[in-house]
Amino acid sequence: MQRVATLCARAGSKGVPGKNLRILAGKPLLLWSLELALESDLFDCVVVDTDSAELLELAEQSGAHHAIERPEELARDVAGKLPAIRHAVEQAEERSGMRFDVIVDLDLTSPLRTMGDLQGAVDLLEVGHAGNV
């Protein structure tokens, strides 16, 4: 099974402006999820999807397999997250030539997840997927 982790990072935030670049315990919020996804070796592809030039640059410098610029219509306050995830996956499939069976979206505002949390989520998804084959 091919697995992808998506990290959707919209630049605009009404509650906490620039939150995905804000420093938390010594590093930008984005990096907590990105580094864990990369270090886990659970994913064939780790993708950051954002409308921020700064976040794209940080993602590229930090080892994301793909840093994808999100279209403006998917970056508005009223845009849902599912279309952004879909965009990230479609772009990653096109760029990598892979077809993903398992998609895990890592919300950047949950930086305290552990490697065990990631493994448990993947296990649950794959058990569910196997039952639908």
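Residues numbered from 1 in each chain as written. Predicted model: local features only at pLDDT ≥ 70, side-chain atom pairs only at ≥ 80, totals over all residues. Heavy atoms only, no water.

A. Examining the environment of L31 more closely. In this fold, L31 is placed in helix α1 (residues 29–40). Between the alpha carbons of L31 and D117 there is a distance of 17 Å; along the sequence they are 86 residues apart. In contact with L31, not counting residues within four places along its chain, are L36, L58 and S62. (Helix = DSSP H or I, 4+ residues; strand = E, 2+ residues; numbered from the N terminus. Contact = heavy atoms within 4.5 Å.)

B. Spotlight on α1. A rise of 1.5 Å per residue sets the reference length of α1, with its 12 residues, at 16 Å; its end C-alpha atoms lie 18 Å apart and thus fit the reference within 8%. When α1 is considered as a whole, its buried residues turn out to be L29, L30, L31, S33, L34, L36, A37 and S40. D41 lies just past α1 and shows a positive phi near 60°. (Expected span 1.5 Å × (residues − 1). Buried < 20%, exposed > 50% of the residue type's maximum accessible area, 1.4 Å probe, protein only.)

C. Broad picture of helix α3 (residues 81–96). The first and last C-alpha atoms of α3 sit 22 Å apart over 16 residues, in line with the 22 Å expected at 1.5 Å per residue. Every buried residue of α3 is listed here: A84, I85, H87, A88, V89, A92 and E93. Directly after α3, the chain includes G97, whose backbone phi takes a positive value near 80°.

D. Expanded view of the sheet that holds strand β5 (residues 66–69). The four strands are arranged β5-β4-β1-β6 in an open sheet whose pairing can be described as parallel. In this open sheet, the two edge strands, each paired with only one partner strand, are β5 and β6 (102–105). The mean angle between the axes of side-by-side strands here comes to 25°, regardless of whether they run parallel or antiparallel. With four bridges joining them, strand β1 (residues 3–9) and β6 adopt parallel strand pairing. (Pairing = 2+ DSSP bridges. Axes fitted to C-alpha atoms, helices over the stretch in contact; angles between N-to-C directions.)

E. Main features of the side chain of E93. Position of E93 among the secondary structure elements: in helix α3. When its relative accessible area of 18% is taken as the criterion, E93 is described as buried. For E93, the residues in contact, after removing those within four places along its chain, are M98, R99 and F100.

F. Region of interest: unusual backbone geometry. With phi around 50°, A25 is a residue other than glycine that occupies positive phi space. Among the secondary structure elements, A25 is positioned in the loop between β2 (23–24) and β3 (27–28). The exposure class assigned to A25 is exposed, which follows from its relative accessible area of 68%. Despite not being glycine, D41 has its phi angle at roughly 60°, a positive value. For D41, the location among the structural elements is in the loop between α1 and β4 (45–50). Look at D41 and you get exposed, because its relative accessible area is 67%.

G. Structural detail: the nonpolar core. L7, L30, L34, F43, V46, V48 and L106 are the most contacted members of the largest nonpolar core, which has 24 residues in total. Elements with a minimum of two residues in this core: β1, α1, β4, α2 (53–61), β6 and α4 (115–131). Per element, the largest residue contribution to this core is five residues, and it comes from α1. Discounting residues that sit within four places of it in the chain, L7 has contacts with L30, S33, L34, V46, V47, V48, D49, D105, L106 and L108. Formed by 11 residues, the second largest nonpolar core is a distinct cluster that contains C8, C45, A84 and V89. (Core = buried A, V, L, I, M, F, W, Y, C linked by side-chain atoms within 4.5 Å.)

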